[in-house]
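Structural description and commentary
Spelled out, the chains give:
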Amino acid sequence: MSLHTPQTLSLPRSVRLALWGVLLVVLALPAAGCGHWSHRQTKIDIPQMDTVNSQFKFAYDQQKTLTSIPVQMGAKHKNQAAVTIAAFQKVVDAFPDERLQVGRARLGIAMVRMAEGDTRRALDTYEDLIKNDGDDEVVKVNAMFDAAGLLDRTGRFDEAKAYYRKIVDGYT
């Protein structure tokens, strides 16, 4: 019986250096805020305002800031989207009895989610606003229009058509 020693693979020096470079980059990604380790939820502190209008204005200003940051900026854009959603959610949580502003804040959350590609949660919010937010026709019409657009883009044409029909029948 003979013992076999494993053969070592001899790679050219340039290939070995390239492999080491790739390994170092892969190991450095989490430390640089890239890769799947960077998706940890961090608490976003939104200041508490005295009035619902000032709280909503703060959230709206965050949304304006978000629209000024190109999507290509990646992490900065995603972070601002999270801040915007948190700011609108603060309106909902801090002033639950202010139905008009709460509906508009929830519409803002849905719009940011739609823009960020979270179509399921955006559509859920739009549909809830359509069914349960009868106080504000502006919110209801915007929710129907955005939901119809989302449904249309995802191939759910009959459902989209039903929302468009409701808008035309009810608001023209």
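Presented here is a report on the structure given in the accompanying data block. (Residues numbered from 1 in each chain as written. Predicted model: local features only at pLDDT ≥ 70, side-chain atom pairs only at ≥ 80, totals over all residues. Heavy atoms only, no water.)

1. Concerning the overall build of the protein chain
To keep things clear, this is the line we draw: Runs of E in the DSSP output that reach at least two residues are strands. Runs of H or I that reach at least four are helices, and both are numbered from the N terminus. Only protein chains enter the accessibility calculation, which uses a 1.4 Å probe. A residue is then buried if its area is under 20% of the maximum for its type, exposed if over 50%, and partly exposed in between. Whether two residues touch is decided by their heavy atoms; if any such pair falls within 4.5 Å, the residues are in contact. Working definition of accessibility: Shrake-Rupley area with a 1.4 Å probe, residue cover restricted to the visible protein chains.
When helices and strands are tallied, the protein chain shows seven helices and zero strands. Secondary structure elements of the protein chain occur, N-terminal to C-terminal, as α-α-α-α-α-α-α. Looking at the protein chain residue by residue over its 172 residues, the buried ones come to 29%. Expressed as a percentage of contacts within the protein chain between residues at least 6 apart in sequence, the contacts between residues at least 24 apart total 51%. Total accessible area computed for the protein chain in this model is approximately 11,800 Å², and 58% of it derives from carbon and sulfur atoms.

2. Focus: the environment of Pro-96
By secondary structure assignment, the location of Pro-96 is in the loop between helix H3 (75-94) and helix H4 (99-115). Spatially, the C-alpha atom of Pro-96 lies 9.6 Å from that of Val-52, the residues being 44 residues apart in sequence.

3. Here we look at the packing of helix H2 (residues 52-68) against H4
The relative placement of two packed helices is expressed as an angle between their axes plus a distance between the axes. Which entries qualify depends on this criterion: Axis definition: a line fitted to C-alpha atoms, limited for helices to the stretch in contact. Angles are taken between N-to-C directions and run from 0 to 180 degrees. Note that the term roughly parallel is reserved for angles under 35 degrees, roughly antiparallel for angles over 145, roughly perpendicular for angles of 65 to 115, and oblique for everything else. Put simply, a crossing is left-handed when the front helix is turned counterclockwise from the back one by less than a right angle, and right-handed when it is turned clockwise. Gly is placed with the polar residues, together with every amino acid not listed as nonpolar (Ala, Val, Leu, Ile, Met, Phe, Trp, Tyr, Cys and Pro) or charged (Asp, Glu, Lys and Arg).
At their nearest, the axes of H2 and H4 sit 11 Å apart, and the two run at 15° to each other. By the angle between their axes, H2 is roughly parallel relative to H4. For the element pair H2 and H4, the recorded crossing hand is left-handed. Only Gln-101, Arg-104, Ala-105, Gly-108, Met-111 and Val-112 of H4 make contact with H2, whose side of the interface consists of Val-52, Asn-53, Phe-56, Gln-63 and Leu-66. Within the contact of H2 with H4, the residues separate by chemical class into six nonpolar, four polar and one charged.

4. Brief notes about helix H7 (residues 157-171)
Put simply, the rule reads: A helix is expected to span 1.5 Å for every residue after the first. Within this analysis, the arc is defined by the directions that extend from the helix axis to the C-beta atoms.
Helix length check: H7 (15 residues) gives 21 Å between terminal C-alpha atoms against 21 Å at 1.5 Å per residue, within 8%. If you check which residues of H7 are buried, you get Ala-160, Tyr-163 and Ile-167. Seen end-on, H7 carries its buried residues on one side only, within an arc spanning 65°. Of the exposed residues in H7, those oriented more than 90 degrees away from the buried face are Phe-157, Asp-158, Lys-161 and Asp-169. Looking at the buried positions of H7, the neighbouring elements they touch are helix H5 (119-132) and helix H6 (137-153).

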